Amino acid sequence: GQNIDQPTEMTATEGAIVQINCTYQTSGFNGLFWYQQHAGEAPTFLSYNVLDGLEEKGRFSSFLSRSKGYSYLLLKELQMKDSASYLCAVQDSGAGSYQLTFGKGTKLSVIP
Amino acid sequence: SQTIHQWPATLVQPVGSPLSLECTVEGTSNPNLYWYRQAAGRGLQLLFYSVGIGQISSEVPQNLSASRPQDRQFILSSKKLLLSDSGFYLCAWSVSGNYGYTFGSGTRLTVV
């Protein structure tokens, strides 16, 4: 089975940097994903990490440490439109269907 | 390009009534298909997944069922809805397995 933990809520100021942490315990690991979900909408893909290290994509970066079971999503130059829930998800290496198990999400509020 | 269609967008149904939600994928062959539910204050819960026509795996016991009558069609059904079936239902697909899912736009179901 898998257990994924991330903070429930965070608040940050427009223009600032925020880091959203995710820890996981899993019996098998085939990658970690971050999704963004605006209220009332479906999640959309942000990033994918399978090797240790930092992946940068514009204002968003994601970091993975497999030995620590730890990832973070870094959002720079925050904009009001970044207010959303951010979901951490782990893919099980033993699942032939490439299932993702999701954390409960971190609701980020960006304030002026 | 690949697209995923899910309907209806919103649904209000009385307790004890039947349910049928449909999801279709275009632009790809033999996708893995998934049904997730997101209840208020909870994370995404995997309900069913399918790796091929007629192949359905259930993750949680409940009064819901799924079917895959065609390669790119996935249907979620219930014979008698419960109040606890209310939630945001999301269909998703994947192919390569290493790049996560693409979600449909979701169906918000309210059982009254």
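Our structure's up above, just so we're on the same page.
Residues numbered from 1 in each chain as written. Chains lettered and ligands numbered in written order. Predicted model: local features only at pLDDT ≥ 70, side-chain atom pairs only at ≥ 80, totals over all residues. Heavy atoms only, no water.

Chemist: Now, about the overall build of chain B: what can you tell me, with residues and values included?
Modeler: Within chain B one finds zero helices and 11 strands. Helices and strands appear in chain B in the N-to-C order β-β-β-β-β-β-β-β-β-β-β. At 13 Å, chain B has a C-alpha radius of gyration in line with the 13 Å of a compact globule built from 112 residues. Its C-alpha atoms give chain B principal-axis dimensions of roughly 40 × 25 × 25 Å. A buried classification covers 49% of the 112 residues belonging to chain B. The contacts in chain B between residues at least 6 apart in sequence include a share of 54% that link residues at least 24 apart. Total accessible area computed for chain B in this model is approximately 5,200 Å², and 52% of it derives from carbon and sulfur atoms. (Helix = DSSP H or I, 4+ residues; strand = E, 2+ residues; numbered from the N terminus. Rg over C-alpha atoms; globule rule 2.2 N^0.38 Å. Buried < 20%, exposed > 50% of the residue type's maximum accessible area, 1.4 Å probe, protein only. Contact = heavy atoms within 4.5 Å. Areas by Shrake-Rupley, 256 points an atom, 1.4 Å probe, with all protein chains shown as cover.)

Chemist: So, the layout of surface pockets: which residues are in play, and what are the values?
Modeler: Roughly 640 Å³ of volume is contained in the largest pocket. Contributing to the lining of the largest pocket are 28 residues, with S85 and K104 of chain A together with Q38, G41 and R42 of chain B lying nearest its centre. Mapped onto the lining of the largest pocket, the elements with two or more residues apiece are β1 (2-5) and β9 (84-91) of chain A together with β9 (87-94) and β11 (107-111) of chain B. Tallying contributions element by element places β9 of chain A first for the lining of the largest pocket, with three residues. Roughly 340 Å³ of internal volume is contained in the second largest pocket. Around the second largest pocket sit 18 residues that line it, and T101 and F102 of chain A together with L44, Q45 and L46 of chain B are the ones nearest its centre. Those elements that provide at least two residues to the lining of the second largest pocket are β1 and β10 (100-102) of chain A together with β5 (44-52) of chain B. Broken down by element, the residue count for the lining of the second largest pocket peaks at four residues, all from β1 of chain A. Residue composition of the lining of the second largest pocket, by class: seven nonpolar, seven polar and four charged. (1 Å grid on protein atoms, 1.4 Å probe; cavity = no way out; pocket = protein on both sides within 12 Å on 5 of 7 lines; lining within 4 Å. Points joined across faces, edges and corners; volume = space filled by probe spheres on them. Nonpolar A, V, L, I, M, F, W, Y, C, P; charged D, E, K, R; others polar.)

Chemist: Would you mind going over the interface of chain B and chain A in detail, with residue names and values included?
Modeler: By a widespread convention, an interface's size corresponds to the accessible area lost as its parts come together. Between chain B and chain A, the residue contacts involve 23 residues of the former and 19 residues of the latter. Summing both sides of the interface, chain B and chain A together bury roughly 1,600 Å²; the carbon and sulfur share of this comes to 56%. Counting every contact that joins chain B to chain A gives zero salt bridges. In this assembly, chain B and chain A are joined by five residue pairs in polar contact (both at pLDDT 80 or more). (Buried area = accessible area lost by both parts, 1.4 Å probe. Salt bridge = Lys/Arg side-chain N within 4 Å of Asp/Glu carboxyl O. Polar contact = N/O pair within 3.5 Å; in protein donor to acceptor, adjacent residues only side chain to side chain.)

Chemist: Let's hear about the state of the cysteines: which residues, and what values?
Modeler: Applying the stated criterion across every chain, the model contains two disulfides over all chains. Two residues share a disulfide in this structure: C22 of chain A and C88 of chain A, whose sulfurs sit 2.0 Å from each other. Linking C22 of chain A and C88 of chain A, the disulfide has an S-S dihedral of approximately -70° and is accordingly described as left-handed. On the criterion of sequence distance, the pair formed by C22 of chain A in strand β3 (residues 18-26) and C88 of chain A in strand β9 is long-range, its members being 66 residues apart. Here C23 of chain B is linked by a disulfide to C91 of chain B, with a sulfur-sulfur distance of 2.0 Å. (Disulfide = S-S within 2.5 Å.)

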